[in-house]
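# A structural walkthrough
Okay, here's what each chain looks like letter by letter:
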Amino acid sequence: MTDMALLSRIYFNAVFGALGGLIGWLLYGAFGDPGAADSRQWLLGGALIGGSIGYCVVSVEAIRDRAPLRFCRLAAYGMVLGAAGGALGLWLGDQANYELLERYGGRRLEVALLARGLGWLLLGWAVGLSEGVAARSLAKLSYGAVGGALGGFLGGTLFGLLYLLPMQRGPDSAQQTALAGAVGLMLLGACIGALSALVRGVFQPASLRVLRGWQEGRDYPLDKPRTWLGRDEAADIPLFRDMRVEKRHALLRREQDRFVLENHAPGATLVNGIALEGSQELHDGDRLQLGEVVLRLQLRAARKR
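What comes next is a walk through the structure. From a predicted model like this one, the values you see are computed outputs, not experimental measurements. (Residues numbered from 1 in each chain as written. Predicted model: local features only at pLDDT ≥ 70, side-chain atom pairs only at ≥ 80, totals over all residues. Heavy atoms only, no water.)

### Let's talk about the overall build of the protein
- Counting secondary structure elements, the protein contains 8 helices and 11 strands.
- Counting only residues that meet the buried cut, the protein has 52% of its 305 residues in that class.
- Restricting the contact set of the protein to residue pairs at least 6 apart, pairs at least 24 apart contribute 59%.
- A total accessible area of about 14200 Å² is found for the protein, and carbon and sulfur atoms account for 61% of it. (Helix = DSSP H or I, 4+ residues; strand = E, 2+ residues; numbered from the N terminus. Buried < 20%, exposed > 50% of the residue type's maximum accessible area, 1.4 Å probe, protein only. Contact = heavy atoms within 4.5 Å. Areas by Shrake-Rupley, 256 points an atom, 1.4 Å probe, with all protein chains shown as cover.)

### Focus: the environment of Leu44
- With respect to the element layout, Leu44 can be found in helix α2 (residues 39-58).
- Dropping the residues within four chain positions of it, Leu44 is found in contact with Phe31 and Gly32.

### A short note on empty space enclosed by the protein
- With the rule as written, the count across this model stands at 2 cavities of 30 Å³ or more.
- Roughly 70 Å³ of volume is contained in the largest cavity.
- Lining the largest cavity are Arg9, Asn13, Val57, Val60, Glu61, Glu131, Lys140, Gly144, Ser196, Ala197 and Arg200.
- Those elements that place two or more of their residues in the lining of the largest cavity are α1 (2-31), α3 (60-65), α6 (138-167) and α7 (174-203). (1 Å grid on protein atoms, 1.4 Å probe; cavity = no way out; pocket = protein on both sides within 12 Å on 5 of 7 lines; lining within 4 Å. Points joined across faces, edges and corners; volume = space filled by probe spheres on them.)

### What to know about the side chain of Lys224
- Relative to the elements of secondary structure, Lys224 occurs in the loop between β2 (219-221) and β3 (226-230).
- Given the relative accessible area of 15%, Lys224 is considered buried.
- Within the local environment of Lys224, its side chain forms a polar contact with the side chain of Asp236, the two groups lying 2.7 Å apart.
- Excluding anything up to four places from it in sequence, Lys224 contacts Ala135, Arg136, Ser137, Asp236 and Arg254. (Polar contact = N/O pair within 3.5 Å; in protein donor to acceptor, adjacent residues only side chain to side chain.)

### Here we look at the pairing of β3
- Counting buried positions along β3 yields 4 of 5 residues, so the element is predominantly enclosed.
- Relative to strand β5 (residues 250-255), β3 runs antiparallel, the two being bridged by 4 bridges. Opposite Trp228, over in β5, you have Leu251 as the bridge partner.
- Across 2 bridges, β3 lies against strand β4 (residues 237-238) in parallel orientation. (Pairing = 2+ DSSP bridges.)

### Structural notes on the sheet that holds β5
- Spatially, 5 strands are ordered β4-β3-β5-β6-β9 in an open sheet, and the strand pairing comes out mixed. The strands lining the two open edges of the sheet, one partner per strand, are β4 and β9 (279-282).

### Digging into unusual backbone geometry
- Here the phi dihedral of Arg66 falls at roughly 55°; this positive angle occurs in a residue that is not glycine.
- Looking at the element boundaries, Arg66 is found in the loop between α3 and α4 (68-103).
- On the accessibility criterion, Arg66 (57% relative accessible area) is exposed.
- Despite not being glycine, Asn272 has its phi angle at roughly 55°, a positive value.
- Looking at the secondary structure, you find Asn272 in the loop between β7 (269-271) and β8 (274-275).
- Residue Asn272 is classed as partly exposed on the basis of its relative accessible area, which comes to 43%.

### A word on the pattern of salt bridges
- Inspection of every chain in the model, using the stated rule, returns 12 salt bridges.
- Where Lys224 meets Asp236, a salt bridge forms, and the shortest distance between an N and an O atom there is 2.7 Å. A residue pair is termed long-range when its members are at least 10 positions apart, and Lys224 in the loop between β2 and β3 and Asp236 in the loop between β3 and β4 qualify at 12 residues.
- Through salt bridges with shared partners, one network takes in Arg253, Glu255, Arg258, Glu262 and Glu281. (Salt bridge = Lys/Arg side-chain N within 4 Å of Asp/Glu carboxyl O.)

### Side note on the layout of surface pockets
- Considering only enclosed or pocket space, the second largest pocket measures out at about 400 Å³ in volume.
- In this structure, the second largest pocket is lined by 25 residues; those nearest its centre are Arg70, Ala135, Lys224, Ala235 and Asp236.
- At the level of secondary structure, the elements contributing two or more residues to the lining of the second largest pocket comprise α3, α4, α5 (108-135), β2 and β3.

### Focus: the sheet that holds β8
- With antiparallel pairing, the 6 strands of this open sheet are ordered in space as β2-β1-β11-β10-β7-β8. A strand with exactly one partner marks an edge of an open sheet, and here the two such strands are β2 and β8.

What follows is the structure, encoded as structure tokens:
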């Protein structure tokens, strides 16, 4: 079941990443000139594309939780850092393309693909980085940065392949080039979103799975030293629709390999069916009940991964 939750997270990240790539392409077509070989156009295009992908990918979790305030905060981080990474990445990709062509001019297509991959790698890294910054999680920052960079390189290479091949056929293929650019950027966004979710899911130390209640079947990674559970939109694990759940209901602390649950709602928190008054160390498979919401701590699967 945990694998299904991971696949679901990868799916949502990929879909929203692809949506961000498409929006970025449309914005670049409206406010820039994709056909111009100018440094200012590279910076503008990279900022629009990177900001759009970052905006969509980083805000996925808040959209799934239907938390508008959290969405605004996450999307702002994703848009700003994604725009910075995209602008710098597209400009560096152009510079790398020029330098590599000077040395290996006989292999233009391979050089261009490598340059695009290296350039968009920086965008993916910035998007993954912004996820950790927005969540204030060092673990999520490192996992997201690695996964985003891998997705950026793979997606950038695919984008280059789709975008450059029609251009080599001549000016009559302008429509094909535009379509290839849009599809290529959708693949870029999907790769960044999917691989950032995959790396994070594989290496996350533990997770809480919702067995009953709001977002049943959902896995919430425990990648912060302190994780708040409650009805507050600012909570790390938001549990809505149950008025017995307090806004700041419980705090889950990670102390090296130990997880300790600290109850802030006396009488409304159970661990394995027993009322919790103060704090208690949790073990793999323990069931937590907050109001009517039931969650299970998952450690063993994480260690195997």
